[in-house]
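Okay, here's what each chain looks like letter by letter:
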Amino acid sequence: MAPPCSCCGAHANIPLNLTPRTARITDLLNSNVCPLVYEEVSFRAELPVRGERITQLDDAIASARRALQSLVHQRHRELRDLNDIHTVMNPIRRLPQDVLREIFLICLDDQDPRADSLDTHGMPWVLLQVSSQWRAAGLTFSRLWSRVHVSFDTLALHPHPERLGHVLWLQLSRSKQYPLEVELSSYTHVSEMHPILPHLWDTSNRWRTLVLDLTDASVRNILVPVHGKLHALELVSTKAHDRYIKEDTGFDVLSDVRSAPALRALHIDGSPVSLCIPWSRLEEYVCHRPTFGMRPYYMDETPAVTDSNIMLLHKLDAARTFKSRCIDRFPPRPPQTPLRRQNLTSLWLEAPQLPDMGISRLLPMLDLPALRSFGWICGVADVHAVRDLLLRSNSTLTTLGLKPKTFSQVLCEFVQESEAVETLVLKDSMDPWIFSYLNGKLPCLSLLDLSEVPPIEVDEGKLWILVNARRKRLKDVRLPYGYEPTVPLEVRYAAMIKEGLRIGLY
């Protein structure tokens, strides 16, 4: 008799000494010969025994399967209970409110900047759907609702646009009295009768930053009703779609000190809209001019519409930061005495790569005693102009921006002279030997920014040598997004990260 099954305990009453298939059967299968009479009698006697054995084996298999299935179900229940316990004990359930709010802000920063805040399937609306704890934390966190991005083009395509007015009202009410970051965009005309505008106008006294990606007429329709109410507005950024627009001194929504008394920063992407700008109060001016077709657009091509950089600096009495993408092709005649700007600490100018269009023609007109941050230096003429400016102004740079396609001897000497530089920013294509040139130079360097360099031009080995040689001083290294090292950064720089180095992709 067969022993009982060690798994399920079933006892199969099956004989173990049945005669296996003989060589005679194999011979008969390999031919068409009939078995002999006595062989056929023997074979027929085995048929019921073989059938009974198969039946008993089937019963044993079914019993074993039932036992196995029972064990599988038991394991699934135990695994489910184990996961439930881990879920209940997850530390995220015990996060304090301040940590949870920081997580919310990180989620906002990681979302697509083009995302419409009225989309209830995006941030921050989905955060309220995780749990009652998250919902309570989100509803009481007014800063979470302070970023308002309204795309009027998206509103026009919404199947139920009347509902979005309530969504906007809900977001603004949850922001309570927190200062708002407002961004309005549309490629089409926005009428002053748009039903969503009254909700925005009611909170205009809380606008801290205002980004306008609109036509000039739409900007007027939106800003005229808020004249005298922009008491918290600090920064205006315009992305006008019109090419040539003249500043309208009568449109004083921003320039009137009673309307926007706190306005200190202006960012222009494209052509400026017809706003009267409070030039004398601005502390930060950033201008990124576009190109039309294959030909760069220069400020001085339309003297009645736009001003040259030196003319802008004449109007910016209180400026601390001046950044411009456009360099004058035909700058005005240099003044007898350089223009002195006592408060200007940061000057960044980006010129087209064409002859006689560099910063070397602008800097002789300036005297900047407080200058600490400067870029971009491209060639030998730029180096001489910057060196003369620093000597004339008796200033010292702590932040330097370079676009060194070729690292000339003059540029190498200038970098060696800049011993006080703490932040070095590199952009665009680089000289492949730049890491070698930097070895032993800039002893105070604490931040190396390569985020605007093509990822393919970052030499992994030379970067390691440069960072390792400065490990006691260098604290921050920013690499371009898309850079793929052969060894993960957290592995290669593990020892330096423990010492306080921050290195990552930007």
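Cut-offs and rules
- Residues numbered from 1 in each chain as written.
- Predicted model: local features only at pLDDT ≥ 70, side-chain atom pairs only at ≥ 80, totals over all residues.
- Heavy atoms only, no water.
- Salt bridge = Lys/Arg side-chain N within 4 Å of Asp/Glu carboxyl O.
- Helix = DSSP H or I, 4+ residues; strand = E, 2+ residues; numbered from the N terminus.
- Buried < 20%, exposed > 50% of the residue type's maximum accessible area, 1.4 Å probe, protein only.

Visitor: Whenever I open this one, the pattern of salt bridges confuses me. Can you help?
Guide: Between side chains of opposite charge, pairing is possible as soon as their charged atoms come close. Scanning all chains against the criterion turns up 20 salt bridges. A salt bridge links Asp-367 to Arg-340; the nearest nitrogen and oxygen atoms lie 2.7 Å apart. One end of the pair, Asp-367, is in strand 12 (residues 366-367); the other, Arg-340, is in strand 10 (residues 339-340), with 27 residues separating them in the sequence. With a closest N to O distance of 3.6 Å, Arg-502 and Asp-476 form a salt bridge. Here the residue Arg-502 occupies a position in strand 18 (residues 502-505), and Asp-476 occupies one in strand 17 (residues 476-479), the gap between them amounting to 26 residues. Judged by relative accessible area, Asp-476 falls into the buried class, the value being 5%. Residues joined by salt bridges that share partners form a network here, namely Glu-350, Lys-403, Lys-427, Asp-428 and Glu-452.

Visitor: How should unusual backbone geometry be read in this particular structure?
Guide: Residues other than glycine predominantly adopt negative phi, and peptide bonds predominantly adopt the trans conformation. Here the amide bond leading from Met-123 into Pro-124 is cis, since omega sits at -5°, within 30 degrees of zero. You can see Pro-124 is positioned in the loop between helix 3 (97-110) and helix 4 (132-139). A cis amide bond links Gly-375 to the next residue, Trp-376, at an omega of 0°. Looking at the secondary structure, you find Trp-376 in strand 13 (residues 373-377). Of note, Lys-176 is a non-glycine position whose phi angle comes to about 55°, a positive value. Relative to the helices and strands, Lys-176 resides in the loop between helix 6 (161-174) and strand 2 (180-185).

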